[in-house]
Each structure stands twice: as structure tokens, then as C-alpha cells.
Amino acid sequence: MFRVSIVIPSWHYYYDPTLLQPVHELHYATVITSRFPEIDFDIIDLRGISSEQQICHINERDLYLYWIVRTGDSSRIALLIKNIRKYYPEAKHVAGGTHIDIFGEECLQDYDAIVKGPGEESFIKVIKDVRSGKIERIYSSDYKDVHYGSYPFMKRDFLPRPAIVNTKKFKQHGENIKGTDVLFSRGCNFKCNFCVNNIPNNQQMKPPEIVREELQYLKTEYDIGAVNLKDEVAIPVNDELAFNLLGVLKDADMMWRGQTTVRGVSEEKIKMARESGCVELAVGVESVSEKVLSIINKGINIEQVKSFIRL
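Residues numbered from 1 in each chain as written. Predicted model: local features only at pLDDT ≥ 70, side-chain atom pairs only at ≥ 80, totals over all residues. Heavy atoms only, no water.

1. Examining the pattern of salt bridges
Applied cut-off: Basic side-chain nitrogens of Lys or Arg form a salt bridge, by our definition, when they fall within 4 Å of a carboxyl oxygen of Asp or Glu. A run of DSSP states H or I qualifies as a helix once it reaches four residues; a run of E qualifies as a strand once it reaches two. Both are numbered from the N-terminal end.
Within this structure, the stated rule accounts for 20 salt bridges. As a salt-bridge pair, D45 and R47 come within 2.8 Å of each other at their nearest N and O atoms. One salt bridge connects K306 with E303, and the closest N-O pair in it is separated by 3.7 Å. Placement of both K306 and E303 in helix α11 (residues 302–310) is noted, with a separation of three residues, approximately one turn of the helix.

2. Considerations on the sheet that holds strand β7 (residues 179–182)
Applied cut-off: Pairing between strands requires that DSSP locate at least two bridges from one strand to the other. Only the stretch in contact is used when fitting a helix axis, every axis being a line fitted to C-alpha atoms; angles between N-to-C directions are given from 0 to 180 degrees.
Overall, parallel pairing links the four strands, which are arranged β7-β10-β11-β12 in an open sheet. Both edges of this open sheet fall to β7 and β12 (278–283), since each of them pairs with a single strand only. The sheet shows a mean angle of 20 degrees between the axes of neighbouring strands, direction not considered. Across four bridges, β7 lies against strand β10 (residues 226–229) in parallel orientation. Considered in β10, the bridge of T180 is made with V227.

3. Points about the sheet that holds strand β3 (residues 63–67)
As summarised here, the arrangement of the six strands in space is β2-β1-β3-β4-β5-β6, forming an open sheet in which the pairing is parallel. Looking at strand neighbours, the two that pair on one side only are β2 (40–45) and β6 (138–140), the edges of this open sheet. Strand-to-strand twist in this sheet, taken as the mean axis angle between neighbours without regard to direction, amounts to 20 degrees. Here strand β1 (residues 3–8) runs beside β2; their pairing, made up of six bridges, is parallel. Note that in β2 the partner of I6 across the bridge is I43.

4. Some details on the side chain of T260
Let me state the cut-off plainly: Polar contact criterion, stated in full: a pair of N or O atoms within 3.5 Å, where within protein one must be able to donate a hydrogen and the other to accept it, and residues adjacent in sequence count only if both atoms are side-chain atoms. Whether two residues are in contact is decided by their heavy atoms, any of which lying within 4.5 Å being enough.
Summarising the element assignment, T260 is placed in strand β11 (residues 255–260). Among the polar contacts listed, one links the side chain of T260 to the backbone oxygen of I235, at a separation of 3.4 Å. When near neighbours in sequence (up to four residues on either side) are disregarded, T260 contacts V233, A234, I235, L281, A282, V283, G284 and F308.

5. Section: the environment of E268
To be explicit about the condition: Per-residue accessibility, obtained with a 1.4 Å probe over protein chains only, is compared with the maximum for each type, and a residue is labelled buried under 20%, exposed over 50%, and partly exposed between these values.
Note on placement: E268 falls in helix α9 (residues 267–275). Judged by relative accessible area, E268 falls into the exposed class, the value being 54%. In this structure the C-alpha to C-alpha distance between E268 and A91, which are 177 residues apart in sequence, comes to 54 Å.

6. Examining the nonpolar core
We count it as follows: Take the buried Ala, Val, Leu, Ile, Met, Phe, Trp, Tyr and Cys residues and link them wherever side-chain atoms come within 4.5 Å; each set so joined is a nonpolar core.
In terms of nonpolar packing, the biggest core is built from 63 residues, with I32, L63, L65, L215, V227, L229 and W256 touching the most fellow members. Ranked by size, the runner-up nonpolar core spans 19 residues in total, among them L46, Y66, I81 and A91.

7. Some remarks on the pairing of strand β5 (residues 113–116)
Note the cut-off: Handedness rule for crossovers: strands pointing away from the viewer, path from the first strand over the helix to the second running clockwise, crossover right-handed.
Bridge count between strand β4 (residues 92–96) and β5: two bridges; the pairing is parallel. Its bridge partner lying in β5, V94 is registered against A113. Of the strand pairs in this sheet, β5 and β6 are connected by three bridges, and their pairing is parallel. Bridging from a neighbouring strand, K116 pairs with S140 of β6. Handedness of the β5-helix α6 (residues 120–131)-β6 crossover: left-handed.

Quick look at the structure:
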């Protein structure tokens, strides 16, 4: 049987790596297993495990997949791959993610192949190729052709329950509130010069019916009472997208929090967000200098920030 694992990095830079959930890895795991139900698949979770101990958690696989969003994970994964190759020299290692998009040529030294752009269809092709005994060096696709909303919501049963649910995430809002992370969209409409998460440069939203299904799944299977939106912009600037999402969140009767932008946020949206269960919003003010805001192409001004804070 063909054996595949997605590897979650240790997230060594977090004080508590288990506080957040691996939404990218869960998403790709769901896509892969929906296309290849016959393969032997699992997720290897290295969060909080020291570099010296990680190899003890690695089972032999034909293919290891990685989604490297943060450069801080890259050197740790490269070292892990060197150790894996000592034990399982025939295995293939393939990685995608923002770090790979930016440092692709450099990363080819560490991986058998890299994925540029979205990973859904590229990972599917990688698996088909490796199963047939071949592999290309670079797989690529364009975000405009691979829409995040075209895929099912991420299943969580690849990992044990404590890796998915905790009561720490919303502890400032009450005792024993079971919370988890969700990701209802990919990308961002803006072009802040410092950001690597505005890829693609538009917000690809899950349809309201898929969001509704996911929230019901989390309530039924995990008794979730609150969700942390990992979207780059939790309250979309587009009014239709925003009101659709907030309506679904309100119907779910759950507490939620997320990050958003001061752009396109009206009193009506903020009021509806509160009525839908929002207890906390983070915003990237970045600077109170109009000159700095211009340099970084933030696209906001101080008055917009003040207005948002008042709201």
C-alpha cells in the first residue's frame, strides 16, 4: 500500500505550540484523502517536540509532504529530512507554502520536489507521479485556477482530540469554553509591502453552506463553543461576503474572534459581528505615522484607525 504523511513542524517559536491548530495541514489532508481513499495516510504532528526527539515520531513512508508558511520552520524541516533519509533513503520529500514560493531555488537543495502556488492539485499530481515511479522537480499552479472555496471543509479526525480542541484559546472570555481554529478563506485583497500572507491577492471565501457545515461538524463532533478565525481578514471588505459569513456565524450560536482590517468596516458590520458572537477583533494598525503607512503601502490613514477603534 502506498504510504503518505503530511508533517507539521515543531512551531518552536511559539510559547505554546499546541494552542493553535494546523489548519493548512488539515486542509491538505482532507483534499488528499478525498481523492485517494485507498492510500495509507496520516499526519505527523511535531508541535512541541524537540529536534533531537523528532525522528522517534517518524514512521516509514513512501512520501512526506510539508507546507512551509514561515521561514522559521525551514531549517528545522531541512534537518529533519536529513535524518529521515538516513533511515528511509527511498522516501520522497515534497514541500509547498509561502516560504517555498519565495525561496524555491534554494529549497530544491533540501526537497526532491517543490510546489509553487496552491497545493491542492499539485499535491494530487505529486502523489500520482510518485506512485508511478517518477517525480518532477517543480510542480506549480495558479491561485486564480485553484479556488479555496472549491474544496470541502477540513476534517479534524487525522489528529487526536487534544490536538484539535482546548479550553485555553478563549479562557479570557470564560471558563471551560472549548475552542478551535478555522480558516474560511485564503488570501487578502490588499498589498501591504511587508506581508507574505496576501497570496493570492484576493480573498477566496468558502461558500456559506460549506461554512455552515463545518461549524455544525465542530459542534457535533467536538462540542465546540467558540472558533478563532485564522483568515487574514475575518470580516470581508466585500459587503455580500461579510454579511453572508456573519449570518452563518450568528446562526451557529458560537463565540468567535479574528483579525480584520480597518478598511471597509462600517458600523453595520461591527454591530452584526457583535450580534453574531464576536468577542474580540485584532487589527493591524502598524504605525501612527502617515508617512510610514504610505511607505508600507498599508492603504489606511489615522482617521480610519480612530473610527474603527471608536466602533
